[in-house]
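Structural characterization, general
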Amino acid sequence: MSKRIVGDVVLAVEEISLAFGGVKALTGISFDVREHEVRAIIGPNGAGKSSLLNCINGVYTPQHGRIRFRGKSFARMNPHRAAVMGIARTFQSLALFNGMSVLDNIMTGRNLRMRTNLLLQALRFGPAQKEELEHREFVEKIIDFLEIQAYRKTPVGRLPYGLQKRVDLARALAMEPLLLLLDEPMAGMNLEEKQDMCRFVLDVNDEFGTTIVLIEHDMGVVMDISDRVVVLDYGRKIGDGTPAEVRSNRDVIDAYLGTKH
Amino acid sequence: MGFFLETLISGLMVGMLYSLVALGFVLIFKASGVFNFAQGAMVLFAALAMARFAEWLPPLLGLQNKILSNAIAFVLAMLTMVVVAWLIERLALSRLVNQQGVTLLMATLGIAYFLDGFGQSLFGSDIYKLDVGLPKDPLFLLEGTFQGGILVNKEDLYAAAIAAVLVSMLALFFQKTATGRALRAVADDHQAAQSIGIPLNRIWVIVWSVAGFVALVAGIIWGSKLGVQFSLSLVALKALPVVILGGLTSVPGAIIGGLIIGVGEKLSEVYIGPALGGGIEIWFAYVLALAFLLVRPQGLFGEKIIDRV
């Protein structure tokens, strides 16, 4: 059975403004994300999409505005706290641990859930052994899910780009996140890889009920897989609604196709 | 033949000590991607702390037992190194998250000079004797096979054993524990590590403390051989060719590298030295490392550098 019933608001971004020196990256952005929803953020290059994601996950601290996640309101997040609260993310330019195998990369995602102490881990003794096995089992499920069984032991740096993107997703999934932030998961992929990735995103949403916020350039993809779309342009929100609503929004069309002067 | 073996063994022993210092470099590089220029200063600082605590404690506490007072001094020196690690993280590293490797390298250069100076103003700048009870008497091996046997220093044997134990512990820690995995993750990518909830600050304090521990052990062994003095801080320079040879990311590499340098140094001095006018022990290691860089830039066991363009 699908767990996917769009529920209440889990994440609300309230009046966020972010500036780097004199450059305004985001100006008074507000939007919300409902439980189990696939929410897309689109916009031309430099519109502030990644900055917005970085604010949600605490890499940047906005000068104004607050972020509300599951009833708690924050003026500033930090990446560690975000992770503890159940926010996972993937990166636009890959940020994998290149020296480590695919398996180890994904296992790091379980780090927050490891409980036994160092000494026991080192000796592979008793509860530590059992815990490691449990985590391994979970990670194997994700590996099967994303169809990367064949690359378990391969150092991540040697994999082709499309597969690296998949490992990035796998690592985020290993955290069992409540909210998954995907920063251009399909950038630089060919058609086939894009289709695979779309399928994975939808499956994650469907099977685990994970709420997803994704940034994407490919309009076709966005319109196909997302429930609601936020459109940014020059750091301002110019549209918000279902794909159909956004597609017919005058401002959005102007931003993407240009206006007549 | 006996003489050759003796040279070989003394080379291996010295090499083991180089390895200990090199290990400090490798640890921090593996776990935070920082080339820690301050490792030598940490060795000096730790050894000074140990030597002075061992000197101050007995009159202060009225302790007669040498082993006990040494043990307490060791614990205190270790605590000092943990505090140093914590301060380094607080005051320098935590402000440099997500910065380039070069920036961090420069920071450790500053830390090195600070520790050198601060350690000496805190603990004094004389030469201090450090006696932790390592046996000093020589040992003669294989007296039946060679005339006069082979002279081996017992102290060196102990040092080698300690180093071996230390190394296997660290290798286990890095490869088999979740914390070790987290450390390797931080080395690869700060941002990604943070995003999956690895607490960067805590990891850095752990790594620098472990490096401090290694520095302390190296400092004690070197210090009890040569006396604790400023030149200990320069031992780190000998560890540079070792890490180049062994690879910056490999714990076993640091060991093998150290042994190669140690043995190469002694053998070349004895067998090639006379032809070149002697004294080649001082620069031999660097030339070896340089030649090695041309053939295998990642070192013997280093991770192969894969760069997508």
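The rules behind the values
Residues numbered from 1 in each chain as written. Chains lettered and ligands numbered in written order. Predicted model: local features only at pLDDT ≥ 70, side-chain atom pairs only at ≥ 80, totals over all residues. Contact = placed C-beta atoms within 7 Å. Helix = DSSP H or I, 4+ residues; strand = E, 2+ residues; numbered from the N terminus. Nonpolar A, V, L, I, M, F, W, Y, C, P; charged D, E, K, R; others polar. Pairing = 2+ DSSP bridges. Axes fitted to C-alpha atoms, helices over the stretch in contact; angles between N-to-C directions. Domains from an automatic or database assignment. pLDDT = per-residue confidence, 0-100. Parallel < 35°, antiparallel > 145°, perpendicular 65-115°, else oblique. Left-handed = near helix turned anticlockwise from the far one by under 90°. Buried ≥ 20, exposed ≤ 12 C-beta atoms within 10 Å, placed from the backbone.

1. What about the interface of chain A and chain B?
At the junction of the two partners, chain A supplies 28 residues and chain B supplies 23 residues. Those elements giving two or more residues to the side of chain A that touches chain B turn out to be helix 2 (79–85), helix 3 (102–108) and helix 4 (118–123) of chain A. In terms of residue count, the dominant contributor to the side of chain A that touches chain B is helix 2 of chain A (four residues). A per-class count over the side of chain A that touches chain B returns 14 nonpolar, nine polar and five charged.

2. Side note on the sheet that holds strand 10 (residues 236–241) of chain A
Residue and element names in this part refer to chain A. Taken in spatial order, the six strands make up an open sheet running 6-7-8-3-9-10, and their pairing is mixed. At either end of the open sheet lies a strand with only one pairing partner, and these are strand 6 (87–89) and strand 10. Going from strand to strand, the sheet's axes swing by 15° on average, the running direction of each strand aside. Looking at chain direction, strand 3 (residues 38–42) and strand 9 (residues 228–233) are connected through four bridges and run parallel.

3. With respect to the domain arrangement of chain A
Residue and element names in this part refer to chain A. Each assigned domain of chain A is listed here: domain 1 (1–86 + 177–261) and domain 2 (97–175). Computed from C-alpha coordinates alone, the two centres of domain 1 and domain 2 are separated by 27 Å. Facing the 11 residues of domain 1 at the interface are nine residues of domain 2. Among the secondary structure elements, those contributing two or more residues to the side of domain 1 that touches domain 2 are helix 2 and helix 7 (191–208). Here the side of domain 1 that touches domain 2 gets four residues from one element, more than from any other, and that element is helix 7. A per-class count over the side of domain 1 that touches domain 2 returns nine nonpolar, one polar and one charged.

4. Description of the sheet that holds strand 5 (residues 72–74) of chain A
Residue and element names in this part refer to chain A. The four strands lie next to each other as 2-1-4-5, forming an open sheet whose pairing is antiparallel. Unpaired on one side and paired on the other, strand 2 (23–34) and strand 5 mark the two borders of the sheet. Neighbouring strand axes in the sheet, compared pairwise and without regard to direction, differ in orientation by 15° on average. Relative to strand 2, strand 1 (residues 9–20) is paired through eight bridges, and the arrangement is antiparallel. Across the sheet, the residue bridging to valine 9 is arginine 34, located in strand 2.

5. Digging into the confidence of the model for chain B
Residue and element names in this part refer to chain B. Scored by pLDDT, chain B comes out at a mean of 84, with 96% of its residues at no less than 70. Looking over chain B, one finds the lowest element-wise mean pLDDT in strand 1 (residues 138–141), namely 75, and the highest in helix 3 (residues 66–91), namely 91. In the model output, the complex is listed with pTM 0.77 alongside ipTM 0.77.

6. Remarks on the packing of helix 2 (residues 39–61) of chain B against helix 8 (residues 200–226) of chain B
Residues and elements named next belong to chain B. Direction vectors running N to C along helix 2 and helix 8 enclose 65°, while the axes themselves pass 7 Å from each other. Relative to helix 8, the element helix 2 lies roughly perpendicular. The handedness of the crossing between helix 2 and helix 8 comes out as right-handed. Between helix 2, through Gln39, Met42, Val43, Leu44, Ala46, Ala47, Met50 and Ala51, and helix 8, the contact on the second element is made entirely by Ala211, Gly212, Ala215, Leu216, Ala218, Gly219, Ile220, Trp222 and Gly223. Along the lines of polarity and charge, the residues of the contact of helix 2 with helix 8 split into 13 nonpolar, four polar and no charged.

7. Details of the packing of helix 3 of chain B against helix 8 of chain B
Residue and element names in this part refer to chain B. Running from amino to carboxyl end, helix 3 crosses helix 8 at an angle of 140°, the nearest separation of the two axes being 8 Å. Between helix 3 and helix 8, the crossing angle belongs to the class labelled oblique. In this structure, the crossing between helix 3 and helix 8 has a hand that is right-handed. On helix 8, the residues touching Ala77, Met78, Met81, Val82, Val84, Ala85, Trp86, Ile88 and Glu89 of helix 3 are Asn201, Trp204, Val205, Trp208, Ser209, Gly212, Phe213, Ala215 and Leu216. Grouping the amino acids of the contact of helix 3 with helix 8 by side-chain chemistry returns 14 nonpolar, three polar and one charged.

8. Observations concerning the environment of Thr80(B)
Residues and elements named next belong to chain B. Mapping threonine 80 onto the fold places it in helix 3. The class of threonine 80 is buried, set by 21 C-beta atoms lying within 10 Å. For the pair threonine 80 and alanine 178, spaced 98 residues apart in sequence, the C-alpha separation works out to 26 Å.

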